[in-house]
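If you want the building blocks of each chain, they are given just below.
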Amino acid sequence: MIAVATDPMVPQPFRIHKTKPENADTFTFELAPVNGAKRSAFQPGQFNMLYVYGVGEVAISISGDPANPNTLVHTTRAVGTVTKRMKKLKGGAVLGVRGPFGTYWPLKEAEGNDILIVTGGIGLAPLRPALYYVLANRTQYGRVVLLYGARTPGDILYRRELESWRGKLDLEVHVTVDRATGTWRGNVGVVTSLINRAPFDPENTVALVCGPEVMMQFTMQELEKKGVPADHVFLSMERNMKCALGFCGHCQWGPKFVCRDGPVFRYDLVEDLLTRRGI
Amino acid sequence: MFVLRHARLDDLLDALKRRGFTLVGPVVRDGAIVYDVIASSSDLPIGYTHQQDAGSYHLIEAHDGAFFGYTVGPHSWKQYLNPPRTRLWKAKGSANGFEIVQENANVPRYAFIGVRACELNAIAILDRVFLQGSAVDFEYRRRREHAFILAVDCTRPGGTCFCASMNAGPQARSGFDLALTEVFDNGEHYFTVVCGSERGDEVLGELCLEEASEPERQAAKHSIEEAGRHMGRKMETAGLAELLASRVEHPHWEVVAKRCLTCGNCTLVCPTCFCSNVEDVTDLAGAFAERWRTWDSCFTLDYSYIHGGNVRKTAVSRYRQWLTHKLSSWHSQFEMSGCVGCGRCITWCPVGIDLTEEVRVLRDGATAVTIGTEKGVPDAKH
Amino acid sequence: MQNIDQILADHPFMKGLDAFHIAQLAEMASTATFSASQYIFRSGDFADRCYLLRQGHVAVEIFDARRGPIIVETIGEPNVIGWSWLVEPYNWCFDARAVELTRAVVLDAAQLRNACENDHRFGFEILKRFTQVFAQRLHAARFQLLDVYGANG
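Rules of the game
Just so you know, the residues in each chain are numbered from 1, in the order the chain's sequence is written. Lettering of chains starts at A and numbering of ligands starts at 1, both following the order in which they are written. Only residues with pLDDT of at least 70 get local features here, since the model is predicted, and only at 80 or more are side-chain atom pairs given and counted; chain-wide, interface and lining totals rely on the full set of residues. The side-chain quantities take in all heavy atoms of the structure and omit both hydrogens and water. Cavities and pockets are found on a 1 Å grid laid over the protein atoms alone: a cavity is a set of points where a 1.4 Å probe fits but cannot escape, a pocket is an open set with protein on both sides within 12 Å along at least five of seven lines, and a lining residue has an atom within 4 Å of such a point. Grid points are joined across faces, edges and corners, and a volume is the space filled by probe spheres set on the points. To qualify as a helix, a DSSP run of H or I must reach at least 4 residues; to qualify as a strand, a run of E must reach at least 2; elements of each kind are numbered from the N terminus. Note on residue classes: Ala, Val, Leu, Ile, Met, Phe, Trp, Tyr, Cys and Pro are nonpolar, Asp, Glu, Lys and Arg are charged, and everything else, Gly too, is polar. The criterion is simple. A nonpolar core is a set of buried Ala, Val, Leu, Ile, Met, Phe, Trp, Tyr and Cys residues joined through side-chain atoms within 4.5 Å. Only protein chains enter the accessibility calculation, which uses a 1.4 Å probe. A residue is then buried if its area is under 20% of the maximum for its type, exposed if over 50%, and partly exposed in between. By the convention used here, residues are in contact when the closest approach between their heavy atoms is within 4.5 Å. Computed with a 1.4 Å rolling probe, the buried area is the accessible surface lost when two parts are put together, summed over both parts. The salt bridge criterion pairs a side-chain nitrogen of Lys or Arg with a carboxyl oxygen of Asp or Glu, the two atoms within 4 Å. In the analysis that follows, any N or O atom pair within 3.5 Å is treated as a polar contact, provided that within protein one partner can donate a hydrogen and the other can accept it, and provided that, for residues neighboring in sequence, both atoms belong to side chains. Pairing of aromatic rings covers Phe, Tyr and the six-membered ring of Trp, with a centre-to-centre limit of 6.5 Å; geometry is then stacked below 30 degrees between planes, edge-to-face above 60, and tilted otherwise. In this scheme, the term charge over a ring applies when either NZ of a lysine or CZ of an arginine sits within 6 Å of the ring centre and within 35 degrees of the ring normal.

Draft legend 1. Main features of empty space enclosed by the protein. All names here are of chain B. With the rule as written, the count across this model stands at six cavities of 30 Å³ or more. Estimated volume of the largest cavity: approximately 150 Å³. For the largest cavity, the lining is made up of 18 residues, of which Cys260, Cys266, Tyr319, Cys349 and Ile353 are closest to its centre. Those elements giving two or more residues to the lining of the largest cavity turn out to be helix 9 (265-269), helix 10 (315-334) and helix 11 (344-347). Taken together, the residues of the lining of the largest cavity break down into 14 nonpolar, three polar and one charged.

Draft legend 2. Main features of the nonpolar core. By size, the foremost hydrophobic cluster in this structure holds 123 residues, and its most contacted members are B:Phe112, B:Tyr319, B:Trp322, B:Leu323, B:Leu327 and B:Leu355. Once residues lying within four places of it in the same chain are set aside, the contact partners of B:Leu355 are B:Phe162, B:Met235, B:Tyr319, B:Trp322, B:Leu323, B:Leu327, B:Cys339, B:Cys345 and B:Ile346. Counting 41 residues, the second largest nonpolar core, distinct from the first, contains C:Ala32, C:Cys50, C:Leu52 and C:Val60.

Draft legend 3. Fine view of the interface of chain B and chain A. Facing the 58 residues of chain B at the interface are 48 residues of chain A. Between chain B and chain A the total buried area reaches about 4500 Å² when both faces are included, carbon and sulfur atoms providing 57% of it. At the junction of chain B with chain A, the criterion picks out two salt bridges. Across the pair A:Glu57 and B:Arg291 runs a salt bridge whose closest N-O atoms are separated by 2.6 Å. At the boundary of chain B with chain A, the tally comes to 23 residue pairs in polar contact (both at pLDDT 80 or more). Looking at the side of chain B that touches chain A, the elements with two or more residues in it are strand 6 (85-94), strand 7 (97-101), helix 3 (117-130), helix 4 (138-144), strand 13 (276-282), strand 14 (288-295), strand 15 (305-306) and helix 10 of chain B. The greatest single-element share of the side of chain B that touches chain A, amounting to eight residues, is contributed by helix 10 of chain B. Per-class residue counts for the side of chain B that touches chain A are 24 nonpolar, 21 polar and 13 charged.

Draft legend 4. Summary view of the environment of B:Leu362. Residue placement: B:Leu362 occurs in helix 12 (residues 355-363). Sequence separation between B:Leu362 and B:Leu243 is 119 residues, and the spatial gap between their C-alpha atoms is 8.7 Å.

Draft legend 5. Summary view of the packing of aromatic side chains. Tallying each qualifying case throughout the model produces 37 aromatic pairs over all chains. Aromatic pair B:Phe68 and B:Phe191: ring centres 6.2 Å apart, planes at 70°, arrangement edge-to-face. Taken as a pair, B:Phe68 in the loop between strand 5 (56-61) and helix 2 (78-81) and B:Phe191 in strand 11 (residues 188-195) lie far apart in primary sequence, 123 residues in all. With a relative accessible area of 0%, B:Phe191 lands in the buried category. Consider the rings of C:Phe41 and C:Trp92, whose centres lie 3.7 Å apart with planes at 10°: the pair is stacked. Here C:Phe41 is found in strand 2 (residues 39-41), whereas its partner C:Trp92 is found in the loop between strand 6 (80-81) and strand 7 (95-98), with 51 residues between them in sequence. Summarising the burial analysis for this pair, C:Phe41 and C:Trp92 share the class buried. In textbook terms, an aromatic cluster arises when at least three aromatic residues are bridged by ring pairs, as seen for A:Phe247, A:Phe257, B:Phe130, B:Tyr140, B:Phe274, B:Trp330 and B:Phe334. The ring of B:Tyr190 carries B:Arg5 above its face, with NZ or CZ at 5.4 Å from the centroid. Just above the ring of B:Trp292 sits the side chain of B:Arg85; from NZ or CZ to the centre is 4.5 Å.

Here you go:
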């Protein structure tokens, strides 16, 4: 009999220690293993499969600090059966966790470059670990710019953290919303409009992009116009995932398995896939 | 090479049974030759064959006394190695959580009787997918590691067979414990036997077979060679993977999609299609939960669902996904083709879509758009 | 204090324009400063100017009787505000309001149109630059319409 614990299809129980609503449909959990076992480290950009007892499993990117792998942080948007049920869970409840899975943002390789992060909506979640890492290793990078687009001011994720980052002299943060509401005094418009104004050296920049596919397509066009080489641009993809191991086939994107060859891809290697429909 | 007289086939099967194997082999059922548990050679489709063409299958009584006079029916060995429904795990609910319940599920030790060369290749492909990647599939391994494989060479290829094109038959070359060739020669009916593993060797040792004579060897060789020359279908595979990657926008996809019912039959009968879904079930009280894995098909809409919609909404995109995965992107993913030329997808397609025919048309370039150019080699014709 | 020729020559919007045409533009240019919340122009008014932003942000708004001013887009330096001077009958289509202290070079629209008419090569250079602005704004507006972060995003 092979020990069940080593079967990659079997989830490990994690307890929710902290819950935090981010906006109307998005929430953040902090989790720790029930059996107290040490978590294996993760790389910024990787994801876990989260299982809600009796309901199902979903792929959710990791949003916490890679320097602190013992607390697992996930920011999730309640849009499907599993995530809606997950949103109702309270501190103390147990989730199943499998992972971490997938490729990650090439932060080590990006040293010596400017870092340009372009993200929208829930796409900020898989990039937060990258920001933590870059800020912890700040001297290794040139300029660091975060461009973030949200639907309305009320939808902005990690708002207090963004505000504190914006206060830093060595990190440039620009936030824009599609629809201004209330007392919003910031930018209104699409995130790509911020690219033109952002200070970075196109030829020595590594761009990390995550958001809805349309947003990423427009971002790629803008980055190309600015002269950022396609092999310096990385994006994170989403596809249906059932196993995260390359066994279920669902996440295929052309010849790629998003779970295994992604979710982070170098743009020049998937350029044809991103614009082609029904692949 | 040894020789086994046809009357002694049961000696071989009995030797396997004595070793604790559950025999699974071809039987006649529901008007087709399918795989099921067998007790002895008398359960085999003796004297039966079948006639296959695009969208058609007929069981025929040949009255020739052959044990393996057919090719392949709708079943393949994947239903034993990667069953249509498998429970991945069970969990027990508790006041504030759950725990995974370990269990020692009994997986039979199968001996597969009558595995064709194309199917050996299909099993090798499944091994590559489930055992030789970055992760190992435990459920597959549990079934695969003990399986005894008794291969049988094809001497009468079927109407939709093209294993010769795919370099996957008709002769069993590797991946078996024992391989037989059924020979009718000058009124004699016997099997030549080749050993492919230590386990096979041990079984053979028990049977005390005599060495095959030179004429017997020649007769076996001749039967297989004849089979190779009479394939019902053909597929040109040179440069095919790269070529199909450049045919994303070919007008022929629309033509096939008009016929395709997106029923998924081809994926169910394909011996290498491995895609699966998972189902989470609970009892009403929530005291127990289970996770089941079920076969899935890239022809369903749900297969590509992500929040906001389905990625492959049209029959064009789904048929294209299936064909290009099988013959093109499979190479990028697993360094091999996903097709073994068994012809099942052609026979069992309710509207008779013929993979070999579609490939022939797609080879004639039209609008060429290359995808996945990472390793991409542009179409040689352009 | 920079002279206006230099400011124009340095502005990314005029990049690549020859010295003669820069000097010509300088003839019709002045500078302006707007404090936070100050309107730069209002919808319906005659579009007799155009603004090259040098500092600050401008909100492009539509006024709705019930909801008040709705910000459609914010535009920051080194962008351009105002293209209605180029489209007959030369009336502003939106309100433009400084979000913060905003400084701009102001070009006189009547003189600019005349200069373009009289020298088509110059006119085409100007038109190409404004066409970029139209294209960007149209592109952004369509993208914004998609509501990519919304319920279906």
